[in-house]
Amino acid sequence: MSASKGIDTIASWLLEARSVVVLTGAGVSAESGLSTFRDKEEGLWAKYDPMELATIGAFERDPELVTRWYHWRFTKAKDVQPNPGHRALAEMESWLVDRHGDHAMTVITQNIDGLHQRGGSRRVIEIHGSIHRWRCTKTGEERPLAELRFDAFPIPSAHGGLMRPCVVWFGEMLPPEALEASFAALQRCEVFLSIGTSGVVQPAASFIEIAREAGARTAEINKETTPNTDSVEVALFGQSGQILPALMARVRELAADAPARDT
Ligand code: OAD
């Protein structure tokens, strides 16, 4: 299917859909300047060992290294800007919410960078947590970011523990509320879009199947093929920062034409 035919198809689904779920991964933030994980040369996991940086064992072994790494990622996330892909998803949400109410669209993101919210999205589930929140290892209490001083690594907490980012490390449970909210959105969604994710990390990798079983149309927007490419109804190859604005432009065109077709 050509790119423009694919965009037309997804746009026509969005015109009809009362509930949409968008699953995003590191690819949607790539055009903002943040690295993905599995890109062969530039991906974070090509340069760093996740077992040395993204597990509770790594933090216990070398809290300074792990804290410095997440502080570096926090600084990068803070310094970059949402890209046209983030903004198009926010536009999609407000367009759907205007038509069908607050629950019409949910972004489930594996990203911890906060760029969807800064790009204007309101209903965002961060299933892998957020780099913008840090909590005490002893009490679990979160401290407002403004109160945190990143001048000693690791960062001591007020209760004799250490501050760690509220992100999900390998081997840790996903936040139960985030999972529950994700399943609820997946059960009712009519369109499921997988964008900028390699689709290999569970449980997010199974969300497409849950949505499909719930009767949703499925599409993927990604720079390259993934394990989902063959099973989705529409696969669009390219950069989400280009495809998503084109998709929203098409949605608006079709919506503007729709009343004329009815008369
Ligand atoms: P990956 O790095 O695994 O996949 C990113 C995907 O985005 C790849 O398939 C790229 O081809 C694609 N991509 C890159 N640039 C793009 C662009 N501009 N537009 C569209 N697609 C683009 O990242 P995730 O799937 O997010 O978890 O990885 C999932 C989880 O694995 C992460 O949340 C992280 C990681 O380990 C934890 O740290 C727990």
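Conventions we followed
Residues numbered from 1 in each chain as written. Predicted model: local features only at pLDDT ≥ 70, side-chain atom pairs only at ≥ 80, totals over all residues. Heavy atoms only, no water. Near = heavy atom within 4 Å. Polar contact = N/O pair within 3.5 Å; in protein donor to acceptor, adjacent residues only side chain to side chain. Areas by Shrake-Rupley, 256 points an atom, 1.4 Å probe, with all protein chains shown as cover. Nonpolar A, V, L, I, M, F, W, Y, C, P; charged D, E, K, R; others polar. 1 Å grid on protein atoms, 1.4 Å probe; cavity = no way out; pocket = protein on both sides within 12 Å on 5 of 7 lines; lining within 4 Å. Points joined across faces, edges and corners; volume = space filled by probe spheres on them. Helix = DSSP H or I, 4+ residues; strand = E, 2+ residues; numbered from the N terminus. Domains from an automatic or database assignment. Pairing = 2+ DSSP bridges. Axes fitted to C-alpha atoms, helices over the stretch in contact; angles between N-to-C directions. Salt bridge = Lys/Arg side-chain N within 4 Å of Asp/Glu carboxyl O.

> Honestly, the site of the ligand in this entry has me stumped. Any pointers?
Neighbouring the ligand are 23 residues, the closest being Glu31, Phe37, Arg38, Thr197 and Ser198. A distance of 3.1 Å separates an oxygen atom of the ligand from a polar side-chain atom of Glu224. Relative to its unbound accessible area of 800 Å², the ligand is 95% covered by the protein chains. Per-class residue counts for the shell around the ligand are 7 nonpolar, 12 polar and 4 charged.

> Explanation requested: the layout of surface pockets in the structure shown.
To find leftover empty space, one rolls a probe the size of a water molecule over the atoms. For the second largest pocket, the calculated volume is near 200 Å³. As for the second largest pocket, its lining consists of Glu126, Gly129, Arg133, Arg135, Glu142, Cys166, Val167, Val168, Glu172, Met173, Pro175 and Glu177. For the lining of the second largest pocket, the elements supplying multiple residues, two or more each, are β4 (129-136) and β7 (162-167). Here the lining of the second largest pocket gets 3 residues from one element, more than from any other, and that element is β4. Counting contributing residues, the lining of the second largest pocket receives three or more from each of domain 1 (3-33 + 82-128 + 174-256) and domain 2 (43-79 + 134-167).

> Where do I start with the sheet that holds strand β2 (residues 105-109) in this structure?
Neighbouring strands of a sheet are bound in pairs by backbone hydrogen bonds; such pairs are parallel or else antiparallel. Sheet architecture is open: 6 strands sit in the order β3-β2-β1-β8-β9-β10, paired in parallel fashion. Looking along the sheet, the strands with just one partner apiece sit at the ends: β3 (124-126) and β10 (234-237). Direction aside, the axes of adjacent strands within the sheet are offset by 15° on average. Where strand β1 (residues 20-24) lies against β2, 5 bridges are found, and the strand directions are parallel. By the bridge assignment, Leu23 is partnered in β2 with Ile108.

> Looking at this structure, how should I read the pattern of salt bridges?
Oppositely charged side chains can form a pair if their charged atoms are brought close together. Summed over all chains, the structure comprises 13 salt bridges. Its salt-bridge partner being Glu190, residue Arg18 comes within 2.5 Å of it at the nearest N-O pair. Taken as a pair, Arg18 in the loop between α1 (3-16) and β1 and Glu190 in the loop between α9 (176-188) and β8 (191-195) lie far apart in primary sequence, 172 residues in all. For Glu147, the salt bridge identified is with Arg143, shortest N-O distance 3.5 Å.

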